[in-house]
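Report on the structure
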Amino acid sequence: MAFKDRIAHPWGSRTPYGPGQEWPARVDGHLAEGVAPQDVDRWVQSATILHSNGDALDIAVKDDRVVGVRGRAVDRVNRGRLGPKDLFGWQAHQSADRLTRPLVRRDGALVETDWDTAMDVVVRRSRELLDEQGPSALAFYTSGQLFLEEYYTLAAIGHGAIGTNHMDGNTRLCTATAAAALKESFGCDGQPGSYSDIDHADVIALYGHNMAETQTVLWSRVLDRLAGSDPPRLLCVDCRPTPVAREATLHLAPLPGTNLALMNALLHEIIRRDLVDHDYVQAHTVGYQDLVERVADHTPEVAERICGVPAGRIREAAELLGGARRLLSTVLQGFYQSHQATAAAVQVNNVHLVRGMLGRPGAGVLQMNGQPTAQNTRECGADGDLTGFRNWSNDEHVAELAKVWNLDTLQIPHYGPPTHAMQIMRYAETGSVRLLWVSATNPAVSLPDLHRIRALLARQGLFLVVQDIFATETTELADVVLPAATWGEKTGTFTNTDRTVHLSERAVDPPGEARADLDIFLDYARRMDFRDRDGAPFPQWHDAESAFEAWKRASAGRPCDYTGLTYAGLRGGSGVQWPCTAERPGGTERLYTDGRFWAAPQECESYGRDLVTGAPVEPVEYAAMNPFGRAIIRAAEYLPPHEEPDGQYPFALVTGRTLYHFHTRTKTGRVPQLSRAAPEVWVEIAESDAREAGIGEGDLVEVASPRGAVRARARISGIRPGVLFVPFHYGYWDARGQDRDRAANEMTVTDWDPVSKQPLFKTSAARLRLLRPADGRSAPAPTTTASRPVADGVPATTGGPEGLCQEDVGGGAR
């Protein structure tokens, strides 16, 4: 047993291993000061909730309080490892400022009340609006942080009982493009690959994916492969000098908004050199010739002029991808939050399809998720998708779901595509949405163009219900606030990026009168007296396990089939990957191993969209194009962003995450170790740009776009010249009087990808000016991450004694 400062060393000690070997276990843990392992009363099974990796852990409970966590060595996802947010994040739940009683607005102020009063207000307003305007007056905006059972219940209430088309999650901001890209290429959502592909790959390509900060444990797996025999080679595509870039064999740093141009050039080279698996393409795909024609003139020299990446480097990257024997690719926000997000992410899928790199160890794609339960939002239909990866445009799919719910088919709205988050906000702004129910998210900080978002949420005539664990910038605007339980205070399941399902058990009671989100949704349904076709209460389930059993029936026969899973089966061992059925009781490690896809016209989740315009493909058109359900190779031409740098706003502004924080910091900002590692917003500037502007490390600067400005200290980093980076986590709940100049989304634009509808956080134009020279302080940015300074003398980010965590390596760390 050893102790390590996991703030200073986020990825812990190395446990090297070679290709095809099992990743060695390393059990990480952290207990509250003064608590020893033998003092713990009980350990309760769960998984991590502050990122999408789904690391299995046990919660330590003493005297009915959570006092720490430890990783689960038996689990396939993390083999006992935990990241900094997992090790320290649990402390936030015990904050004294948790919401513990419902609040209702009286005479302009939120005042405490009881549950009956609060729910009666919500129910009365719901009924009034249903009578006056019908289901389209009500909208739901949820999260990527609830449990599967809660999303399924919300989808059943919203789409089934009420019949509104206006439902989405904040997963629209982080994973909508992942789902869209999978549907465009394979006909259906669902990750083809597995985390275990890292154990086998000889080339790993990370596209806009700073895995080292967003999935720290997954990055530990890569680092352990790099430290072992016959390590893989890495390709990193990112405009920042991330820890991934520092380990990469090849790092390409394209200008923001030019990813599609880069991908088209890579495919041009792969095809020109005939690095194509023609047998695979012929047997399992449609659309190859369209791709050949689309990229024929898109040489590396053309891409160099657009992306600013040397043509020779693009050719090196194509050679790396084309020469791989086992290629694993991952994609995240660097691709997803741009104006041609889906088109660029689909080209990553195309690389695998033309190279035949799917369905075998080491050959896979992971279109990554950003939040811990984002996968469940999509599966259950709480983000606008139809429950069970069904197709809104397929009447048989809608009828099938109506049968599962025992409702009339006409109750489920399928007259048009579901309303995405930004359109829901537009409807709230214009007055057609009059009740908006927000659960476990904070749009008053996380959505783009915050001045507009605050105004529409505060609009008179909009009845705003917010369900959360803390008071936030969004609860400030609410008419009713419902206090919710969180991880460790309720039971449920959730599914990570590589389809692994974990059970999270209730370890302690929620504080005060806070309730599980599932209980709140079911209470609402009962008070609204929703009924199924037989007159029974709807939804028909009453607790987490009965909701899970109901979900299994909804998933039966679909790609995300959970019918082989039970709560009992998930207890004690590892998480299990779906599909899990009677025929596959141990789950399914990889999809598409037989070259068969969920793309047949009668099976697919979507008929697809034009990648440039977003126009939907008609069912007849799809059936003619892909009658046998093969994977679809879709091509697209590059178009420049709508807002490009110019003389007035000469920089490209990108926003993003840092390792130590999650979402809008409502949890991580209350954890001492995490807060001290990144206490305040900053802006990253390239050394050459800083020199030209006369800006030094720690100087106070103003970054401004056409919509707003942020004041922050400057970190002079290795970011690409011409690009500024601002972390998006910082809002105003702990701003201590700071004016509206702290949140990065004051500056971002109201615009979205035409296919996935994911908002753009990486293609705004901005300007920069010095406000005040440094007063001896450096920027409050971590030195362990992509924010690492170029100059010496900046104090290193450390956790001190409070950052020490246990590591049980067993095999000998180095």
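If you're wondering where the values come from, they're calculated on a predicted model, not measured in any experiment.

Reading the values: the criteria
Residues numbered from 1 in each chain as written. Predicted model: local features only at pLDDT ≥ 70, side-chain atom pairs only at ≥ 80, totals over all residues. Heavy atoms only, no water. Helix = DSSP H or I, 4+ residues; strand = E, 2+ residues; numbered from the N terminus. Buried < 20%, exposed > 50% of the residue type's maximum accessible area, 1.4 Å probe, protein only. Polar contact = N/O pair within 3.5 Å; in protein donor to acceptor, adjacent residues only side chain to side chain. Contact = heavy atoms within 4.5 Å. 1 Å grid on protein atoms, 1.4 Å probe; cavity = no way out; pocket = protein on both sides within 12 Å on 5 of 7 lines; lining within 4 Å. Points joined across faces, edges and corners; volume = space filled by probe spheres on them. Nonpolar A, V, L, I, M, F, W, Y, C, P; charged D, E, K, R; others polar. Domains from an automatic or database assignment. UniProt positions renumbered as here; feature names shortened; annotations may be inferred. Pairing = 2+ DSSP bridges. Core = buried A, V, L, I, M, F, W, Y, C linked by side-chain atoms within 4.5 Å. Axes fitted to C-alpha atoms, helices over the stretch in contact; angles between N-to-C directions. Parallel < 35°, antiparallel > 145°, perpendicular 65-115°, else oblique. Left-handed = near helix turned anticlockwise from the far one by under 90°. Expected span 1.5 Å × (residues − 1). Patch = residues over 30% accessible without salt bridge, like charges linked within 9 Å, V, L, I, M, F, W, Y side chains within 5 Å. Areas by Shrake-Rupley, 256 points an atom, 1.4 Å probe, with all protein chains shown as cover. Salt bridge = Lys/Arg side-chain N within 4 Å of Asp/Glu carboxyl O. Phe/Tyr/Trp six-rings, centres within 6.5 Å; stacked < 30°, edge-to-face > 60°. Lys NZ or Arg CZ within 6 Å of the ring centre and 35° of its normal.

**Here we look at the side chain of glutamate 150**
Counting through the fold element by element, glutamate 150 comes out in helix 3 (residues 148–162). When its relative accessible area of 2% is taken as the criterion, glutamate 150 is described as buried. Of the polar contacts made by the side chain of glutamate 150, one reaches the backbone nitrogen of phenylalanine 147; its length is 2.9 Å. Setting aside residues up to four positions removed in sequence, glutamate 150 forms contacts with Lys490, Ala516, Asp517, Leu518 and Phe521.

**Quick notes on empty space enclosed by the protein**
Empty space left among the atoms is revealed by rolling a probe the size of a water molecule over them. This structure, assessed with the given rule, holds 5 cavities of 30 Å³ or more. Estimates place the volume of the largest cavity at around 590 Å³. Taken together, 43 residues line the largest cavity, and the ones lying closest to its centre are Gln333, Thr655, Gly656, Arg657 and Lys762. Listing elements by their share of the lining of the largest cavity, those giving two or more residues are helix 5 (211–214), helix 13 (333–336) and strand 23 (651–656). Each residue belonging to the lining of the largest cavity can be placed in one class, and the counts come to 15 nonpolar, 22 polar and 6 charged. When its volume is computed, the second largest cavity comes out at roughly 230 Å³. Along the walls of the second largest cavity sit 22 residues, with Gln145, Ala440, Asp468, Ile469 and Lys667 positioned nearest its centre. Both domains that meet at the lining of the second largest cavity, namely domain 2 (103–174 + 373–577) and domain 4 (651–782), each give it at least three residues.

**Let's talk about the layout of surface pockets**
Approximately 800 Å³ is the volume found for the largest pocket. In this structure, the largest pocket is lined by 37 residues; those nearest its centre are Trp392, Pro417, Pro418, Ser606 and Arg609. Broken down by element, the lining of the largest pocket gets its largest block of residues, 5 residues, from helix 4 (residues 176–186). Looking at side-chain class alone, the lining of the largest pocket contains 13 nonpolar, 12 polar and 12 charged residues. By volume, the second largest pocket is sized at about 450 Å³. If you go around the second largest pocket, you meet 19 residues; those closest to its centre are Asp290, Arg609, Asp610, Arg634 and Ala635. A class-by-class count of the residues in the lining of the second largest pocket yields 11 nonpolar, 1 polar and 7 charged.

**Things to note about unusual backbone geometry**
Negative phi is the rule for most residues except glycine; trans is the rule for most peptide bonds. Cis geometry is adopted by the peptide bond preceding proline 539, which originates at phenylalanine 538 and carries an omega value of -5 degrees. Position of proline 539 among the secondary structure elements: in the loop between helix 20 (517–528) and helix 21 (544–555). Residue proline 579 follows tryptophan 578 across a cis peptide bond; omega there is 0 degrees. Within the element layout of this structure, proline 579 appears in the loop between strand 21 (576–577) and helix 23 (619–625). Unusually for a residue other than glycine, aspartate 107 sits at a positive phi of about 50 degrees.

**A few points about the UniProt feature "domain: 4Fe-4S Mo/W bis-MGD-type" (unreviewed entry) in the protein chain**
Following the UniProt record, one finds the feature "domain: 4Fe-4S Mo/W bis-MGD-type" (unreviewed entry) at residues 41–97. Summarising residues 41–97: 11% helix, 35% strand, and an end-to-end C-alpha distance of 26 Å.

**Let's talk about the pairing of strand 7 (residues 109–112)**
Two strands pair when backbone bridges link them, and strand 6 (residues 103–106) and strand 7 are joined in this way by 4 bridges, in the antiparallel orientation. When the bridges of strand 7 are listed, arginine 105 appears paired with leucine 110. Between the antiparallel neighbours strand 6 and strand 7 lie 2 residues, among them aspartate 107 with a positive phi of about 50 degrees.

**Details of the nonpolar core**
Ranked by size, the top nonpolar core spans 120 residues in total, and within it Tyr207, Trp219, Leu235, Phe335 and Val354 carry the most contacts. Sort the elements by how many residues they give to this core and helix 8 (residues 259–272) lands first, with 9 residues.

**Some details on the packing of helix 8 against helix 12 (residues 311–323)**
Contact pair helix 8 / helix 12: the axes reach a minimum separation of 9 Å and the direction vectors enclose 60 degrees. If you check the angle between helix 8 and helix 12, you find them oblique. As helix 8 packs across helix 12, the resulting crossing turns out to be right-handed. The segment helix 8 lies against helix 12, with Leu262, Ala265, Leu266, Glu269 and Ile270 engaging Ile314, Arg315, Ala317, Ala318 and Leu321. For the contact of helix 8 with helix 12, a count of residues per class yields 8 nonpolar, no polar and 2 charged.

**Considerations on the sheet that holds strand 19 (residues 492–495)**
Taken in spatial order, the 3 strands of this open sheet run 19-20-21, and their pairing is antiparallel. A single partner strand is all that each edge strand has here, and the edge strands are strand 19 and strand 21. Where strand 20 (residues 500–504) lies against strand 21, 2 bridges are found, and the strand directions are antiparallel. When the bridges of strand 21 are listed, valine 501 appears paired with valine 576.

**Here we look at helix 2 (residues 115–132)**
Its 18 residues place the ends of helix 2 26 Å apart at the C-alpha level, agreeing with the 26 Å of an ideal helix rising 1.5 Å per residue. Regarding helix 2, the residues found buried are Trp115, Ala118, Met119, Val121, Val122, Val123, Arg125, Ser126 and Leu129. Summarising the contacts, the buried residues of helix 2 are in contact with strand 6, strand 8 (138–142), strand 16 (435–439), strand 17 (463–468), strand 18 (480–483) and helix 20. Its side-chain oxygen placed 3.2 Å from the backbone nitrogen of aspartate 116, aspartate 114 serves as the N-cap of helix 2. Looking one or two places after helix 2, you find glycine 134, whose phi comes out positive at around 95 degrees.

**Details of a nonpolar patch on the surface**
Taken together, the side chains of Met1, Phe3 and Leu804 make up a nonpolar region of the molecular surface, amounting to roughly 360 Å² of accessible area. Locating leucine 804 in the fold gives a position in strand 29 (residues 804–808).

**Details of the environment of threonine 566**
By the element assignment, threonine 566 lies in the loop between helix 21 and helix 22 (567–570). Beyond its immediate chain neighbours, meaning those up to four positions away, threonine 566 contacts Phe548 and Lys552. Polar contacts involving the side chain of threonine 566 include one to the main-chain amide nitrogen of glycine 569, which spans 2.9 Å.

**Remarks on the packing of aromatic side chains**
One pass over the structure, following the stated rule, counts 20 aromatic pairs. A ring pair is formed by phenylalanine 186 and tyrosine 592, whose centres lie 5.4 Å apart and whose planes are at 35 degrees; its orientation type is tilted. With phenylalanine 186 in helix 4 and tyrosine 592 in the loop between strand 21 and helix 23, this pair connects stretches of sequence that are 406 residues apart. You'll find phenylalanine 186 and tyrosine 592 in the same group, each marked buried. For the cation-ring pair, arginine 515 lies above tryptophan 115, with the distance from its terminal atom to the ring centre recorded as 4.1 Å. Lying over the aromatic face of tryptophan 733, arginine 670 brings its terminal NZ or CZ to 4.1 Å of the ring centre.

**As for the pattern of salt bridges**
Applying the stated criterion to the full structure yields 57 salt bridges. Note that arginine 76 is salt-bridged to aspartate 498, the shortest N-O span being 2.9 Å. With arginine 76 in the loop between strand 5 (65–71) and helix 1 (84–89) and aspartate 498 in the loop between strand 19 and strand 20, the pair connects residues that are 422 residues apart, well separated along the chain. Considered together, arginine 76 and aspartate 498 belong to a single accessibility category, that of buried residues.

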